[in-house]
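# Structural features, examined
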Amino acid sequence: MRRLDEGAPLRAAMKAAGLDIPRLAAKTKDVDPTGEGLSRAMVGFIVGSGKTAREECSDRAAELIASALDRELGTLFASTVFTLGESTSTRRSKTEERRKPELPEQLMDQKELARFLRKSPSWIDKQIQDWARDHEDDWPGLIYVGRSRRFDPHAVLAGLQRQRTAA
């Protein structure tokens, strides 16, 4: 999810609710069914306005923050969809023409896929677990080679795009 207007609606909602970063982090634990919530640092990255502020966050983090602030998700965040030509990074290239990531033609291990998607390996684990809970087949693009997991990047991106458009 991408925060709207560089996080201004988030900060306004926090101010209206009388919450600072530590209190909002604690409130995300209260609204999280697992009781984990978000750390103070993560909340600070998401709602911040300085150099360390993040324009994008996970769907889960956005949902927890919106719920803790008792706001509609769409008033604070916009959904992002992966496409081959887009980057999930918030940094801007200084070159005239932005380089598009090349889609590898070979299977990737989890670390390589995480690096390619600009996500963490634990994010991939969570996606696989969530998929297994809701579906009878394997996560799109997941291939077992012996005991090792490998990923077909074409199938993974296609599956992520289908998930985003279905949501």
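Rules used throughout
For every chain, the first residue of its written sequence is number 1, and the numbers climb from 1 along that sequence. It should be noted that, the model being predicted, local features are given only for residues of pLDDT at least 70 and side-chain atom pairs only at 80 or more, the latter also being counted only at that level, while totals for whole chains, interfaces and linings use all residues. Side-chain figures throughout are based on the complete set of non-hydrogen atoms in the structure, without hydrogens or water. Starting at the N terminus, helices and strands are each numbered in turn, a helix being any DSSP run of H or I of at least four residues and a strand any DSSP run of E of at least two. The rule is simple: take the accessible area with a 1.4 Å probe, protein chains only, and divide by the maximum for that residue type; under 20% is buried, over 50% is exposed, in between is partly exposed. The contact rule is simple, with two residues in contact once any of their heavy atoms fall within 4.5 Å. Accessible surface area values rest on a Shrake-Rupley calculation with a 1.4 Å probe, where residue burial reflects the displayed protein chains alone. You can read pLDDT as the predictor saying how much it trusts each residue, on a scale of 0 to 100. Counted as salt bridges are all cases of a side-chain nitrogen of Lys or Arg within 4 Å of a carboxyl oxygen of Asp or Glu. To be clear, the arc concerns the directions from the helix axis to the C-beta atoms. The definition of a polar contact used here is a pair of N or O atoms within 3.5 Å, where within protein one atom must be able to donate a hydrogen and the other to accept one, and adjacent residues in sequence count solely through side-chain atom pairs.

From N to C terminus, the protein chain includes seven helices and four strands. Across the protein chain, helices and strands are ordered from the amino to the carboxyl terminus as β-α-α-α-α-β-α-α-β-β-α. Here the protein chain holds 167 residues, and the buried ones make up 34% of them. A separation threshold of at least 6 residues defines the contact pool for the protein chain, and within that pool the share at least 24 residues apart is 58%. If you sum the accessible surface of the protein chain, you get close to 10,900 Å²; carbon and sulfur atoms cover 47% of it.

This next bit is on the confidence of the model for the protein chain. Reading fine detail from the predicted coordinates is not recommended where pLDDT is low. When pLDDT is averaged across the protein chain, the result is 82; 84% of the residues are at 70 or more. The lowest-confidence element of the protein chain is helix H7 (residues 153–166), averaging 83 in pLDDT; the highest-confidence one is helix H2 (residues 21–31), averaging 92.

Attention now goes to the pattern of salt bridges. This structure, assessed with the given rule, holds nine salt bridges. Note that Arg2 is salt-bridged to Glu56, the shortest N-O span being 2.6 Å. Of this pair, Arg2 sits in strand S1 (residues 2–3) while Glu56 sits in the loop between helix H3 (40–47) and helix H4 (59–68), and the two are 54 residues apart along the sequence. Judged by its relative accessible area of 31%, Arg2 is partly exposed. We note a salt bridge from Arg60 to Glu36, for which the minimum N-O separation is 3.9 Å. Here Arg60 is found in helix H4, whereas its partner Glu36 is found in the loop between H2 and H3, with 24 residues between them in sequence.

Attention now goes to helix H5 (residues 110–117). Taken residue by residue, H5 has Gln110, Leu113, Ala114 and Leu117 as its buried positions. For H5, the angular spread of the buried residues around the axis is 100°, confining them to a single face. Away from the buried face of H5 by more than 90 degrees, exposed residues Lys111 and Arg115 are located. For H5, the elements touching its buried residues are helix H6 (121–134), strand S4 (148–151) and H7. Looking at where H5 begins, the residue whose side-chain oxygen comes 3.2 Å from the main-chain nitrogen of Lys111 is Asp109.

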